[in-house]
Amino acid sequence: MDNNSVNPKRRKNHDDEDDRSDGQRSIQPSPRNSLTTILPSPSDWLNRYNKLLDRYPLQTKMCTSFCVSAFGSALGSYLSASAKEKNSRAEKKSRSKDGQICNTAKSESILTKINWVDVLSYAIHGGLINAPICHYWFEWLSVHGPSSNTASVLVDQLAVQPPLLVLMFICLDVLRANIRATLHQFREANVISNSVTTALQVIPNSWRFWPFAVYFTFKYLKKKHYTVALNLCSVAWTVYLSRGSAAAGGGDAG
């Protein structure tokens, strides 16, 4: 007797289970597909960046120039420090071969090889100075400049880039000097402890002034006037803080 004719119900149930298992296997995402849903592809990142350029052209260019300048400075300082370290090791090896005893210095880490003052200086210049200038310059050049690309390049390289290079080196020197002075003062003058002490002394006085200023601003003014009104209130608060700091400075001098 044929088994298929005897147990048709059992065979039908078995086929249904196979169909359900096949459906579950088809529904389950592969690891590769789940990874692509979590991490966008490079084309998706590029599309998002282009949308940001269309919506916020100046801000996007400033952020891009800030990050790229910082990365370039960090990479350059790291490669320079690595080359110096390699040369010093070679000199020490040659001296040891000549009979001179040299102490082997430990290799520096990646973070210590990077000149962070330079990184911050290049980042600030690239994001806050160079990017806005280039943005408005290229906008003007595309509208009012020569129709020929070759002529536009000549105008840009001969008339604009030399002054921009001079401005860049001036800004970098000023930024380096200010950052080093700020770091020195931050380390020597106990900035954090002094600031916390001063803030704890001023907070009770701020509670006597700002809650009323903010309350009446919210109650009687429109939302678009909040910032202007609070800025006007801050004039009186700044006068109070300035008198307090001047009195403290006079007491220290006396």
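Below: a short report on this structure. (Residues numbered from 1 in each chain as written. Predicted model: local features only at pLDDT ≥ 70, side-chain atom pairs only at ≥ 80, totals over all residues. Heavy atoms only, no water.)

**Considerations on the overall build of the chain**
- Secondary structure assignment for the chain yields 10 helices and zero strands.
- When the elements of the chain are put in sequence order from the N terminus, they spell out α-α-α-α-α-α-α-α-α-α.
- Burial status across the chain gives 17% buried among its 254 residues.
- Sequence separation of at least 24 residues holds for 67% of the intrachain contacts in the chain that already meet a minimum separation of 6.
- Total accessible area on the chain stands at roughly 20100 Å², and carbon and sulfur atoms take up 62% of it. (Helix = DSSP H or I, 4+ residues; strand = E, 2+ residues; numbered from the N terminus. Buried < 20%, exposed > 50% of the residue type's maximum accessible area, 1.4 Å probe, protein only. Contact = heavy atoms within 4.5 Å. Areas by Shrake-Rupley, 256 points an atom, 1.4 Å probe, with all protein chains shown as cover.)

**Section: the pattern of salt bridges**
- Applying the stated criterion across every chain, the model contains four salt bridges.
- In this structure, Glu85 engages Arg89 in a salt bridge whose closest nitrogen and oxygen atoms are separated by 3.0 Å. Of this pair, Glu85 and Arg89 both sit in helix H5 (residues 57-97), four residues apart, which is roughly one turn of the helix.
- Judged by relative accessible area, Glu85 falls into the buried class, the value being 15%.
- Residues Asp118 and Arg176 are paired through a salt bridge, measuring 2.4 Å at the closest nitrogen-oxygen approach. Of this pair, Asp118 sits in helix H7 (residues 116-144) while Arg176 sits in helix H8 (residues 149-188), placing them 58 residues apart in sequence. Here the two residues Asp118 and Arg176 agree in accessibility, since each one is buried.
- Each of Glu85, Arg89 and Lys113 takes part in one network of salt bridges that share partners. (Salt bridge = Lys/Arg side-chain N within 4 Å of Asp/Glu carboxyl O.)

**Some points on the packing of aromatic side chains**
- With the rule as written, the count across this model stands at eight aromatic pairs.
- Aromatic pair Phe209 and Trp210: ring centres 5.1 Å apart, planes at 80°, arrangement edge-to-face.
- Overall, the relative accessible area of 28% leaves Phe209 in the partly exposed class.
- Of the residues examined, Trp210 reaches a relative accessible area of 21% and is grouped as partly exposed.
- Ring centres of Tyr215 and Phe216 lie 5.4 Å apart, and the angle between their planes is 75°; on these two criteria the pair is classed as edge-to-face.
- For Tyr215, a relative accessible area of 47% corresponds to the partly exposed category.
- Here Phe216 falls in the partly exposed class, since its relative accessible area comes to 40%.
- If you follow Arg48 out to its NZ or CZ, it ends over the ring of Trp45, 5.4 Å from the centre. (Phe/Tyr/Trp six-rings, centres within 6.5 Å; stacked < 30°, edge-to-face > 60°. Lys NZ or Arg CZ within 6 Å of the ring centre and 35° of its normal.)

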